[in-house]
Amino acid sequence: AQTVTQSQPEMSVQEAETVTLSCTYDTSESDYYLFWYKQPPSRQMILVIRQEAYKQQNATENRFSVNFQKAAKSFSLKISDSQLGDAAMYFCAYRSANTGNQFYFGTGTSLTVIP
Amino acid sequence: DAGVIQSPRHEVTEMGQEVTLRCKPISGHNSLFWYRQTMMRGLELLIYFNNNVPIDDSGMPEDRFSAKMPNASFSTLKIQPSEPRDSAVYFCASSWDGAYEQYFGPGTRLTVT
């Protein structure tokens, strides 16, 4: 089974600053999708951003962008101009493009935004 | 469109009681997933269905847990008998074959005393 590793249990960032959350994964597949989900205190899981492995261009959604390094099997999330509402648990997830809809989640990184 | 609906949102029960959690996936979705989230173990996949058929239940902790999906619009996760260590947030998520991501419900917080 694929594994997803988030090595930073906790991170903090000053409001308006930039923070990068790390994620690595292990797979033998070449076609897959990667995701970052956000879980605020309300506990609702919210999709932040998605990256298709066949795309070389890094995905961007407003203040959120990724650094996808396929050879290194790395998928980091950069949050620019951090806001108080960004405080949440962030989960990295992997899904194969060819073997069903199952997701593999990392253990999460808790992000604190300091005013 | 309504998202994934879960009920109840909170459940408090005593050890030994039966607990039934319910999920209504997004209309048109054909995959449904049950997850359990705890501080110690993070987010764990318990079981997932595709076209109402259980595909992978290897994450179901033990025989006390069972899940059903009688039709495309409804699924249940049952715990009988419940134990304090079952206390967690249980999420249901749905997706469809042409989709990339999963869509999560708001979760059910279960407390077993």
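Residues numbered from 1 in each chain as written. Chains lettered and ligands numbered in written order. Predicted model: local features only at pLDDT ≥ 70, side-chain atom pairs only at ≥ 80, totals over all residues. Heavy atoms only, no water.

A. Representation of the state of the cysteines in the model. Summed over the entire model, instances satisfying the criterion amount to 2 disulfides over all chains. Covalently, Cys23 of chain A is tied to Cys92 of chain A through a disulfide, its sulfur atoms 2.0 Å apart. For the disulfide bridge between Cys23 of chain A and Cys92 of chain A, the dihedral angle about the S-S bond is near -70 degrees, and by the sign convention the bridge is left-handed. One end of the pair, Cys23 of chain A, is in the loop between β3 (19–21) and β4 (24–26); the other, Cys92 of chain A, is in strand β10 (residues 88–96), with 69 residues separating them in the sequence. Assigned by exposure class, Cys23 of chain A and Cys92 of chain A land together as buried. In this model, Cys23 of chain B is linked to Cys92 of chain B through a disulfide, with the two sulfur atoms separated by 1.8 Å. (Disulfide = S-S within 2.5 Å. Helix = DSSP H or I, 4+ residues; strand = E, 2+ residues; numbered from the N terminus. Buried < 20%, exposed > 50% of the residue type's maximum accessible area, 1.4 Å probe, protein only.)

B. Structural view of the interface of chain A and chain B. Between chain A and chain B, the contact holds 18 residues from the first and 25 residues from the second. For the pair chain A and chain B, the two sides together bury roughly 1800 Å², of which 49% comes from carbon and sulfur. In terms of surface lost to chain B, no three residues of chain A exceed Arg43, Asn101 and Gln102 of chain A, which account for 38% of the buried area on that side. The interface formed by chain A and chain B contains 1 salt bridge. A salt bridge links Glu101 of chain B to Arg50 of chain A, with the shortest nitrogen-to-oxygen separation between them at 3.1 Å. In this structure, the connection of chain A to chain B is made through 9 residue pairs in polar contact (both at pLDDT 80 or more). Residue assignment for the side of chain A that touches chain B shows that the elements contributing at least two residues are β5 (32–39), β6 (46–52), β10 and β11 (103–105) of chain A. Ranked by residue count, the leading element in the side of chain A that touches chain B is β5 of chain A, at 4 residues. (Contact = heavy atoms within 4.5 Å. Buried area = accessible area lost by both parts, 1.4 Å probe. Salt bridge = Lys/Arg side-chain N within 4 Å of Asp/Glu carboxyl O. Polar contact = N/O pair within 3.5 Å; in protein donor to acceptor, adjacent residues only side chain to side chain.)

Take it as geometry only, folks, not as evidence of what the structure does.
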